[in-house]
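Structural characterization, general
Residues per chain, in single letters:
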Amino acid sequence: MSSPLNKTYLNTQLSTQAKWHRFMANGLALTGLFSASLLLSACASQGASSQINDNKVVTGQVSSSQAATTLYKSVTFNPAGGYVHGAFDKSAAEITAFHPASKRSFVVNAQNKKVDVIDLSNIHKPVLVRSLVVSDIGSTVNSVAVHGDKIALAVQANVKTDNGYVVLFDANTLERIQVIEVGALPDMVTFTEDGGYLLVANEGEPDEDYKIDAEGSVSIINLKDIQNPIVKTATFNKFNNQKQQLMNAGVRIFGKKADGSMSTVAEDLEPEYIAVNKDNKTAYVSLQENNAIAVIDIERAQVTDIKPLGAKDHSVVGNELDVSNKDGAINITTWPILGMYMPDAIAYYSVNGKDYIVTANEGDAREWGDFNEEVSFDDIKTDPAKFNRQACHNLDCGDKKALGKIDFSASMGDSNGDGVYEKLYSFGARSFSIWDVADFSTPVFDSGSFMGKYTAQKYPNNFNASNDKNDFDNRSDNKGVEPEGVVLGQVGSQTIAFIGLERISSVMAFDVTNPKQAKFMGEINTRTFDDKKLKAAEEGSAPANADGDLGPEGLTFISAEASPSGKPLLLVGYEVSGSSRVFELDFSAAAAR
């Protein structure tokens, strides 16, 4: 907590763009909306967003003339009530859901292998009703979803590589309705908009020793007769003989089991999160570790396509990042590396008949048993023409103040297999993106370096802190603020994206009504960054959220019509503080500050 915002950095790195410099120097005292060019490219005109895919650089321009007319320009997050579900850093609060009729929230309590049911009739005084316990069925609960009066829980098997289960409950009586077997490690569950189907992302992670690599899949459950649900499974087996083609296209398939054998495509792909098209016919599934999106035909229960997402070029102005936790300063600047998007949560929406996916670009490396794909700069040989003092700001690229601390993937970057890496791929893009589902080759919008720069200004003494430590610069070498969760809400004619930043523990709001020109609307963070409070929470002598709500995981938007208070709400589950929090949302025509 000792290092302040580096003024020299601000004056030198940001001086090329007067608007951004005024923003940083004047404490966010903007008089208008954040423009797309500010978000995408703080130091360059026209907001160029650059991505590497199939060894080509694709550059897209965002014009300010395309800006959407909006009713609301900002949102204020008003913290209402919170509930502490368990101990500090034990995953006692993760995914959230809400049942409007009973005014209850449902919060995954992974620590205690249950889902806590919370009465939100008074949003300022949440009350535990009871818990939905499924310990007789499996082990950890990974996800929860609500549609109508049905609640679905995704339950991992006691042996995680075995088939897991979905357990259905009645939202009013809280009585168990059905237990349905699905694939290995059901990690996320969601209903189609009409409630006719329940979809389950079966992640299929390997066991801890990497002796068994379970197949990833998506279970599709027809609920038209809830007493006799029909389960079909969309598998990736048909792609097993297309492994090289997928890899050539940019899909990351590289797992190697303990016996030395390579995982098949079906074993290697790991479904993480599902977003469903409004017509209830198509689902989009994030394959986080594989840096790809799978497209699912729901009715036929078939995977129709796998789309690689490519990588962000961090050498481009607007895509800067801080790569070192050893330089004692905020140093958000360009580096000659790439960042794989690798989204965790995703969300779907439609604009003027076109379909879009919003992704929270967290990043995630694969590490099982003796297999670890992460390497540092000093572990590998790199192309001196690409990685030299000129490219690394007059430092040796392997210096700990340069690229010596950030991790890269060993599975990518050596295109000709000669042992020399021409490119370096880091994990995650430290941003959120919007993609046109008709073309996943490049995002139509990416928030670039905005999240890092915003938090650097607002929390200079705790810049890139982790969610369980207040230390300055702690996560700069490891995915930064780490965007993980996303949920969309409709407010009047506007679509608002709420993004959870796992490490700094903020939630940001953006107007994404115009997919090509998202606008920042506001941010909330309840942390006090008080080391004494944090230590008390860790030791259990104070509530687990004594230092604030830490580690946002699951987000649920509640419309004004469904809200117990009559105003829009955001419900957030915080994994590290083991707390869930309700925020009442006040939207304003005034500009974001």
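Structure's up top.
The following paragraphs examine the structure supplied in this document. (Residues numbered from 1 in each chain as written. Predicted model: local features only at pLDDT ≥ 70, side-chain atom pairs only at ≥ 80, totals over all residues. Heavy atoms only, no water.)

1. Some details on the overall build of the protein chain
Rules: Runs of E in the DSSP output that reach at least two residues are strands. Runs of H or I that reach at least four are helices, and both are numbered from the N terminus. The classification of residues rests on relative accessible area computed with a 1.4 Å probe and restricted to protein chains. Under 20% of the type maximum is buried, over 50% is exposed, and intermediate values are partly exposed. By the convention used here, residues are in contact when the closest approach between their heavy atoms is within 4.5 Å. Throughout, the Shrake-Rupley method with a 1.4 Å probe supplies accessible areas, and for residues the shown protein chains are the sole cover considered.
Assigned secondary structure in the protein chain consists of seven helices and 39 strands. Within the protein chain, the fraction of its 593 residues that count as buried is 62%. Here the analysis covers contacts within the protein chain between residues at least 6 apart in sequence; of these, 58% occur between residues at least 24 apart. When the accessible surface of the protein chain is totalled, it reaches about 21500 Å², and 44% of it is carbon and sulfur.

2. Considering the sheet that holds strand β23 (residues 354-360)
Through backbone hydrogen bonds, the strands of a sheet pair up, either in parallel or in antiparallel fashion. Note the threshold: A strand pair is defined by DSSP finding two or more bridges across the two strands.
Across the sheet, four strands lie side by side as β22-β23-β31-β32; this open sheet has antiparallel pairing. The open sheet has two free edges, formed respectively by β22 (346-351) and β32 (445-446), since each of these has just one partner strand. Relative to strand β31 (residues 432-436), β23 runs antiparallel, the two being bridged by five bridges. Bridged to Tyr356 within β31 is Asp436.

3. Let's talk about the sheet that holds strand β14 (residues 217-222)
To be explicit about the condition: Lines fitted to C-alpha atoms define the axes, with helix axes restricted to the stretch in contact, and inter-axis angles between N-to-C directions lie between 0 and 180 degrees.
Strand order across the open sheet formed by four strands is β12-β13-β14-β15, with antiparallel pairing between neighbours. A strand with exactly one partner marks an edge of an open sheet, and here the two such strands are β12 (186-191) and β15 (230-235). Across the sheet, the axes of successive neighbouring strands diverge by a mean angle of 20°, strand direction being ignored. In this sheet, β15 lies alongside β14 in antiparallel orientation, the contact comprising six bridges. From the neighbouring strand, Ile220 faces β15, where its bridge partner is Lys232.

4. Topic: the nonpolar core
Basically, it comes down to this: Side-chain atoms within 4.5 Å link the members of a nonpolar core, which is a set of buried Ala, Val, Leu, Ile, Met, Phe, Trp, Tyr and Cys residues.
Membership of the largest hydrophobic core comes to 29 residues, with the highest contact counts inside it found for Phe432, Ile434, Met451, Phe510 and Val512. Contributing elements (two or more residues each) for this core: β22, β23, β31, α6 (450-458), β33 (483-491), β34 (494-501) and β35 (507-511). If sequence neighbours within four positions are ignored, Val512 has contacts with Tyr349, Phe432, Ile434, Leu488, Thr495, Ala497 and Ala518. Counting 27 residues, the second largest nonpolar core, distinct from the first, contains Met188, Val218, Ala234 and Ile253.

5. Considerations on the pattern of salt bridges
Defined as follows: Salt bridge, as applied in this entry: a Lys or Arg side-chain nitrogen positioned within 4 Å of an Asp or Glu carboxyl oxygen.
Evaluation of the coordinates by the stated rule reveals 20 salt bridges. Of the charged contacts in the structure, one is a salt bridge between Arg300 and Asp297, with a shortest N-O distance of 3.0 Å. One salt bridge connects Asp396 with Arg389, and the closest N-O pair in it is separated by 2.9 Å. The partly exposed category is assigned to Asp396, whose relative accessible area is 47%.

6. A few points about the pairing of strand β39 (residues 579-588)
Taken across its 10 residues, β39 has eight buried, putting it largely inside the fold. The pairing of strand β38 (residues 569-574) with β39 spans six bridges and is classified as antiparallel. In the sheet register, Leu570 faces β39, and the bridge partner there is Phe583. Connecting β38 to the antiparallel partner β39 that follows it, the hairpin turn spans four residues, and Gly578 within it adopts a positive phi of roughly 60°.

7. Things to note about helix α7 (residues 531-539)
The test is simple: Within this analysis, the arc is defined by the directions that extend from the helix axis to the C-beta atoms. Side-chain atoms alone can form a polar contact between residues adjacent in sequence; in general such a contact is a pair of N or O atoms within 3.5 Å, and within protein one must be able to donate a hydrogen while the other accepts it.
Taken together, the buried positions of α7 are Leu534, Ala536 and Ala537. One side of α7 carries all its buried residues, which in axial view fall inside an arc of 160°. Opposite its buried face, α7 presents the exposed residues Lys532 and Glu539, each directed more than 90 degrees away. The residue sitting at the N-terminus of α7 and contributing the capping side-chain oxygen is Asp530; that oxygen lies 2.9 Å from the backbone nitrogen of Lys532. Downstream of α7 by one or two residues, Gly540 has phi in the positive range, about 85°.

8. Some thoughts on the side chain of His99
Note that His99 resides in strand β4 (residues 96-99). Here His99 falls in the buried class, since its relative accessible area comes to 1%. If near-sequence neighbours (up to four positions away) are discounted, His99 is found in contact with Arg104, Phe106, Val146, Gly148, Asp149, Ala171 and Asn172.

9. Quick notes on the pairing of strand β18 (residues 292-297)
For a regular strand, the rule is simple: side chains alternate between the two faces of the sheet. Burial analysis of β18 places five of its six residues in the buried class, which makes it a mostly covered element. With six bridges joining them, strand β17 (residues 282-287) and β18 adopt antiparallel strand pairing. Its bridge partner being in β18, Tyr284 is matched across the sheet by Val295. As defined by bridge partners, β18 adjoins strand β19 (residues 302-308) across six bridges and the pair is classed as antiparallel. Across the sheet, Ala294 pairs through a bridge with Ile306, a residue of β19. In this structure, the hairpin formed by β18 and β19 is closed by a connection of four residues, where Ala301 is found at a positive phi of approximately 55°.

Keep in mind these numbers describe shape, not what the thing actually does.
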